[in-house]
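Geometric and topological summary
Each chain is listed here by its residues.
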Amino acid sequence: KAWHKCAACRHSGTTGTAIDSNLSFCGCAAGIEAQYRDGADWPEREIGRVHASGKALLVAACRALNLQFSGDALQDADVVDDGERLEITLATAADAVCVTESDVMAVLGRVHWQRAVRIIRPGAAMPADEARVPVNGTAPRPITQADVEALVAQRGVAR
């Protein structure tokens, strides 16, 4: 009868968030129990895990906003952030249904980022003016008959 839910942590054992880098154990019984269960350094480890990459931070923000499907899709996606532009290449067609532009904008608001967003959905044709150029700056050359013959000679394969 004397037990009351902690007003600070609502009996979760922690206060703050890893996203905001202010995660800590509460001083209540639930916090002490969580500290024994997870280890005294768990808040620092969790903050480090969430801030290890931009992708990890975005996934954590999805979870914080209850965008579970978007978080799952981003976990599997290729995420490139250059500080001005965020490019998300989704892995599957099912992921394309889960991630919407409004979800991504909400997530960016949660992590206090301002970025231009581009979501690349599987099977979507890339505009010709945005075709990717390899890192070395040169376009790949076509394979010629001489290339094939050189490889056959190198490996000693009989025709």
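An account of the accompanying structure is given in this report. (Residues numbered from 1 in each chain as written. Predicted model: local features only at pLDDT ≥ 70, side-chain atom pairs only at ≥ 80, totals over all residues. Heavy atoms only, no water.)

A look at the pattern of salt bridges
Side chains bearing opposite charge may pair, as long as their charged atoms lie close to each other. Counting across every chain of the model gives seven salt bridges. We note a salt bridge from arginine 110 to aspartate 20, for which the minimum N-O separation is 3.1 Å. Separated by 90 residues along the polypeptide, arginine 110 in helix H6 (residues 101-110) and aspartate 20 in the loop between strand S1 (14-15) and strand S2 (24-25) bring together distant segments of the chain. Look at arginine 110 and you get buried, because its relative accessible area is 19%. Among the salt bridges present, the one from aspartate 41 reaches arginine 45, with a minimum N-O distance of 3.2 Å. Look at aspartate 41 and you get partly exposed, because its relative accessible area is 41%. With a relative accessible area of 42%, arginine 45 lands in the partly exposed category. (Salt bridge = Lys/Arg side-chain N within 4 Å of Asp/Glu carboxyl O. Helix = DSSP H or I, 4+ residues; strand = E, 2+ residues; numbered from the N terminus. Buried < 20%, exposed > 50% of the residue type's maximum accessible area, 1.4 Å probe, protein only.)

A closer look at H6
Along H6, the positions that sit buried rather than exposed are Asp103, Val104, Val107, Leu108 and Arg110. Along the axis of H6, the buried residues cluster in a sector spanning 155°; they form a single face. Structurally, H6 contributes buried residues whose contacts are with helix H3 (54-64), helix H4 (68-76), strand S4 (85-89), helix H5 (93-98) and strand S5 (116-120). At the exit of H6 stands histidine 112, carrying a positive phi of roughly 60°. (Arc of directions from axis to C-beta. Contact = heavy atoms within 4.5 Å.)

Regarding the side chain of aspartate 95
Turning to its location among the elements, aspartate 95 is positioned in helix H5. Of the side chains with opposite charge, arginine 121 comes closest to the buried, unpaired aspartate 95, at an N-O distance of 9.5 Å. Not counting residues up to four positions away in its chain, the partners in contact with aspartate 95 are Ala73, Asp76 and Leu90. (Lys, Arg positive; Asp, Glu negative; His and termini not counted.)

Section: unusual backbone geometry
Positive phi, normally seen in glycine, also occurs at serine 21, with a value near 60°. Summarising the element assignment, serine 21 is placed in the loop between S1 and S2. On the accessibility criterion, serine 21 (42% relative accessible area) is partly exposed. Although it is not a glycine, histidine 112 adopts a positive phi angle of roughly 60°. Position of histidine 112 relative to the elements: it lies in the loop between H6 and S5. By relative accessible area, which is 63% here, histidine 112 ends up exposed.

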